[in-house]
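Okay, here's what each chain looks like letter by letter:
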Amino acid sequence: MVAFAILIFVFLGSVEGFSTKSQPCTYDNTRMCKPALATAAFSTLSFLLGAFTSVVSGFLGMKIATFANARTTLEARKGVGKAFIVAFRSGAVMGFLLAANGLLVLYIAINLFKLYYGSDWEGLFEAITGYGLGGSSMALFGRVGGGIYTKAADVGADLVGKVERNIPEDDPRNPAVIADNVGDNVGDIAGMGSDLFGSYAESSCAALVVASISSFGITHDLTAMLYPLLVSSVGILVCLLTTLFATDFFEVKSVEEIEPALKKQLIISTVLMTFGIAIVSWISLPSTFTIFNFGVQKEVKSWELFLCVAVGLWAGLIIGFVTEYYTSNAYSPVQDVADSCRTGAATNVIFGLALGYKSVIIPILAIAVSIFVSFSFAAMYGIAVAALGMLSTIATGLAIDAYGPISDNAGGFAIGSAALVSLALFGAFVSRADISTVDVLTPKVFIGLLVGAMLPYWFSAMTMKSVGSAALKMVEEVRRQFNTIPGLMEGTAKPDYANCVKISTDASIKEMIPPGALVMLTPLIVGIFFGVETLSGVLAGALVSGVQAGASDHARALGPKGSAAHKAAVIGDTVGDPLKDTSGPSLNILIKLMAVESLVFAPFFAAHGGLLFKIF
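The name an unreviewed UniProt entry assigns to the chain is H(+)-exporting diphosphatase, from the organism Sesamum angustifolium. In the Subcellular location (unreviewed entry) part of its UniProt record, the chain is described as follows: "Endomembrane system".

What follows is the structure, given as structure tokens:
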């Protein structure tokens, strides 16, 4: 964080040679704006604010989860209904905390920055983009580190415990069981929490940047300007109301009733949110206004902007349902994977991978439709608010995430919103870097596309290898304990849990640096040496290939424990786990982080980038 904050200040400050004089505005040369040095200082400050908020969100999320885990266990003695309520409420607390924290800090930052910037809204909201960069850079380390931590422990615990020793999942005799459970908190809570916070911060920043150079910013209409934040605020109120349906209005009495109850949550929150957005759009927006669209002002009506948010919201619901269809054992895709276990682990892995690839089709089509509709109505601003629409029921999503089988819903929202957010940021970057068109037929852009499309594969290879090497150490340690501690299998002796926790912790901290560096440094290296056109190609390539790769692959078991089919299922599960919980979720941060980083550094790249092309 410290190193990157210094980079932001130095690079952005050097755009005008650290001058403290006012300069002509980027988009309107007739007006004078604040100096580049001010943007550098305030961008650095908002970067640190975003990073700090992200860290706090992850930390508080884990703290809540630790309390909730113990309480859920106690409540489970009274029946599944009581346990469900505690688990659901704790997930909701985390969701509200994220949404409210992000909203509050962003709103305070805008008002404080306004004291200095005054009427220069273009400079103000350009500086605010640092907030999204801070949120996402922390999320990357939370996601990658958490993913390596949890999967190293999980793979080690499953391979030795279930396959070699025939003991059940989460058995206290298994030395890696504590590391596995701790890892779930790190990956699924700190990682997922900071990831969704990052999406939320970035989509708000992308919308605000575009709005500041549209009629809202030019006429200084603050209410309309803060429309993205109002959408999020309504989301918090709607989710508060929706959570009551799960915990107070309908009572869950058996395990079978949990999944339908959670499905109802998604539908209720989406329907209520649609009405909420309609009201906010009607009250806060002028009936017609203009939105900046690659150099021209496009006229937009308030109902068109409402449709942009609504299309993102409903696309999120579709993605949620499709994700559940492909990952719940109530439907045929998972049952087919389970049947394939009868012939061994190889067929199980093949079926699982095929299922993962197939599960991408409908979400991608939903994202494509929402992009087309929102761009047709309100250009890049439409896409940014569509992403906010998808994220607006984040609190309900995280409450659902507290429950296992359809917890991949939140992952679906994350990758869907990441695609929209990245595209909106990409649009803002192209406008800020003063590129009129991104022409794929020019060699500068095409080489960028190729390299960008390769990055998600390189990144996934790094994270998978990290999980593999950490799991290797874990398997050896678990085997050593089973072989050397007398009475461990009989349950008379206690395993050394701390050693396994140490292996996971050390591995995750050491191994998250190379993938993190790859993502953080790529835009800087490409922007400085190859310029903004090649960088626009890299961003487009990474976006297109990264969204497809965030596929989910998970197999559940059929047949008695200890049988050959069960062992095959466990192996399939262990192969799929790093894909599902480490590489896949980290990819959505990869595409968002590279886009927001390029946007923050756009003034520097536009002024001094492309050194190699200047020399040759």
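What follows picks up the thread again.
Q: How do you make sense of the nonpolar core when you look at a structure like this?
A: Most often, soluble globular proteins keep nonpolar side chains buried together rather than apart. Ranked by internal contacts, the top residues of the largest apolar core, which has 136 residues, are I128, F216, Y227, L305, Y381 and F429. The contacts of L305, once residues within four sequence positions are left out, are Y227, L285, F289, V300, A378, Y381 and V385.

Q: I keep staring at the packing of aromatic side chains and nothing clicks. Help me out?
A: Each aromatic ring pair is described using two quantities: the centre-to-centre distance and the angle formed by the ring planes. The final tally for this structure, using the stated rule, is 21 aromatic pairs. Ring centres of Y131 and F197 lie 5.9 Å apart, and the angle between their planes is 80°; on these two criteria the pair is classed as edge-to-face. Of this pair, Y131 sits in helix α4 (residues 121-164) while F197 is found in helix α5 (residues 177-212), placing the two residues 66 residues apart along the sequence. In this structure, Y131 and F197 share a single accessibility class: buried.

Q: Mind showing me how you'd approach the state of the cysteines here?
A: By definition, a disulfide is the covalent link that joins the sulfur atoms of two cysteine residues. Inspection of every chain in the model, using the stated rule, returns one disulfide. Disulfide pairing is shown between C25 and C33; the S-S distance is 1.9 Å. Disulfide C25-C33: torsion about the S-S bond near 95°, hence right-handed. Taken as a pair, C25 and C33 share a single burial class, namely buried. No disulfide involves C308; its sulfur sits 19 Å from the nearest other cysteine sulfur, which is in C205.

Q: How should I be thinking about helix α17 (residues 497-511) in this particular structure?
A: For an α-helix, 3.6 residues make a turn, and residues three or four places apart therefore share a direction. Its 15 residues place the ends of α17 21 Å apart at the C-alpha level, agreeing with the 21 Å of an ideal helix rising 1.5 Å per residue. Every buried residue of α17 is listed here: Y497, C500, I503, S504, A507, S508 and E511. Seen end-on, α17 carries its buried residues on one side only, within an arc spanning 130°. Along α17, exposed side chains directed more than 90 degrees from the buried face belong to A498 and K510.

Q: I would appreciate a short explanation of the packing of helix α3 (residues 80-117) against α5 in the present structure.
A: Packed helices, taken two at a time, are described by their axes: the angle between them and the distance between them. Closest axis-to-axis distance for the α3/α5 pair is 10 Å, and the angle between their directions is 35°. With respect to the hand of their crossing, α3 and α5 are arranged in right-handed fashion. Contact with α3, carried on its side by M94, L98, A99, G102, L103, L106 and I110, involves I189, G193, L196, F197, Y200, S204 and L208 of α5 and no other residues of that element. Here the residues of the contact of α3 with α5 are counted per class, giving eleven nonpolar, three polar and no charged.

Q: Please clarify how the confidence of the model for the chain should be interpreted in this entry.
A: Detailed reading of the predicted coordinates is not advisable wherever pLDDT is low. Averaged over every residue, the pLDDT of the chain is 88; the share at 70 or more is 95%. The low-confidence segment residues 551-558 (pLDDT under 50) makes 29 contacts with residues lying over four places distant or belonging to another chain.

Q: Sorry if this is basic, but what is going on with the pattern of salt bridges here?
A: Working definition: two side chains of opposite charge can pair if their charged atoms are close together. Following the criterion strictly, the structure yields 17 salt bridges and no others. When the shortest N-O distance is used, the salt bridge between E324 and K263 registers 3.7 Å. You can see E324 sitting in helix α10 (residues 302-327) and its partner K263 sitting in helix α9 (residues 258-284), a full 61 residues away along the chain. By relative accessible area, E324 is classed as buried at 3%. Linked by salt bridges that have partners in common, K151, D154, D577, K580 and D581 make up one network.

Q: Sorry if this is basic, but what is going on with the pairing of strand β3 (residues 288-293) here?
A: Looking along a regular strand, one sees side chains alternate from face to face of the sheet. Of the strand pairs in this sheet, β3 and strand β4 (residues 296-301) are connected by six bridges, and their pairing is antiparallel. The residue of β4 that forms the bridge with T288 is K301. Once β3 ends, the chain turns through two residues before running back antiparallel as β4, passing F294 with a positive phi of about 50°.

Q: Help me understand helix α11 (residues 332-339), please; the structure alone is not making it clear to me.
A: Those residues of α11 lying buried are P333, V334, V337 and A338. Relative to the axis of α11, the buried residues are bounded by an arc of 140° and lie together on one face. Where α11 is buried, its residues contact α10 and α12 (345-358).

Q: Looking at this model, I keep getting lost on the UniProt feature "signal peptide" (unreviewed entry) in the chain. Mind explaining?
A: The positions that UniProt labels "signal peptide" (unreviewed entry) are, in the present scheme, residues 1-17. In the segment residues 1-17, helix accounts for 71% and strand for 0%; the C-alpha atoms at its two ends are 24 Å apart.

Q: Would you explain the environment of I178 in this entry?
A: Considering the arrangement of structural elements, one finds I178 in helix α5. Owing to a relative accessible area of 35%, I178 belongs among the partly exposed residues under this scheme. Along the sequence, I178 and G537 sit 359 residues apart, while their C-alpha atoms lie 44 Å from each other. When neighbours within four sequence positions are excluded, I178 is seen to be in contact with Y497 and V501.

Q: I keep staring at the environment of L305 and nothing clicks. Help me out?
A: Turning to its location among the elements, L305 is positioned in helix α10. A relative accessible area of 0% means that L305 is categorised as buried. Separated by 225 residues in sequence, L305 and F530 place their C-alpha atoms 36 Å apart.

Q: Can you walk me through a nonpolar patch on the surface in this structure?
A: Taken together, M1, V2, I6, F9, V10, F18, L48 and V55 make up a surface patch of nonpolar side chains, about 680 Å² in accessible area. Only α1 (2-13) and α2 (36-76) provide two or more residues apiece to the nonpolar patch.

Q: Hey, could you run me through the packing of α10 against helix α13 (residues 361-391) in this one?
A: Where α10 contacts α13, the axes come no closer than 8 Å and their chain directions differ by 155°. The angle between the axes of α10 and α13 places the two elements in the roughly antiparallel class. Every pair of crossing elements has a handedness; the one defined by α10 and α13 is left-handed.

Q: Is there a simple way to think about unusual backbone geometry in this case?
A: Where the residue is not glycine, phi is negative for most of them; where a peptide bond is considered, it is trans in most cases. At N166, a residue that is not glycine, the phi angle is positive and equals roughly 55°. Structurally, N166 can be placed in the loop between α4 and α5. One non-glycine residue with positive phi stands out, namely D170, at about 55°. For D170, the position within the fold is in the loop between α4 and α5.

Cut-offs used in this document
Residues numbered from 1 in each chain as written. Predicted model: local features only at pLDDT ≥ 70, side-chain atom pairs only at ≥ 80, totals over all residues. Heavy atoms only, no water. UniProt positions renumbered as here; feature names shortened; annotations may be inferred. Core = buried A, V, L, I, M, F, W, Y, C linked by side-chain atoms within 4.5 Å. Buried < 20%, exposed > 50% of the residue type's maximum accessible area, 1.4 Å probe, protein only. Contact = heavy atoms within 4.5 Å. Phe/Tyr/Trp six-rings, centres within 6.5 Å; stacked < 30°, edge-to-face > 60°. Helix = DSSP H or I, 4+ residues; strand = E, 2+ residues; numbered from the N terminus. Disulfide = S-S within 2.5 Å. Expected span 1.5 Å × (residues − 1). Arc of directions from axis to C-beta. Axes fitted to C-alpha atoms, helices over the stretch in contact; angles between N-to-C directions. Left-handed = near helix turned anticlockwise from the far one by under 90°. Nonpolar A, V, L, I, M, F, W, Y, C, P; charged D, E, K, R; others polar. pLDDT = per-residue confidence, 0-100. Salt bridge = Lys/Arg side-chain N within 4 Å of Asp/Glu carboxyl O. Pairing = 2+ DSSP bridges. Patch = residues over 30% accessible without salt bridge, like charges linked within 9 Å, V, L, I, M, F, W, Y side chains within 5 Å. Areas by Shrake-Rupley, 256 points an atom, 1.4 Å probe, with all protein chains shown as cover. Parallel < 35°, antiparallel > 145°, perpendicular 65-115°, else oblique.

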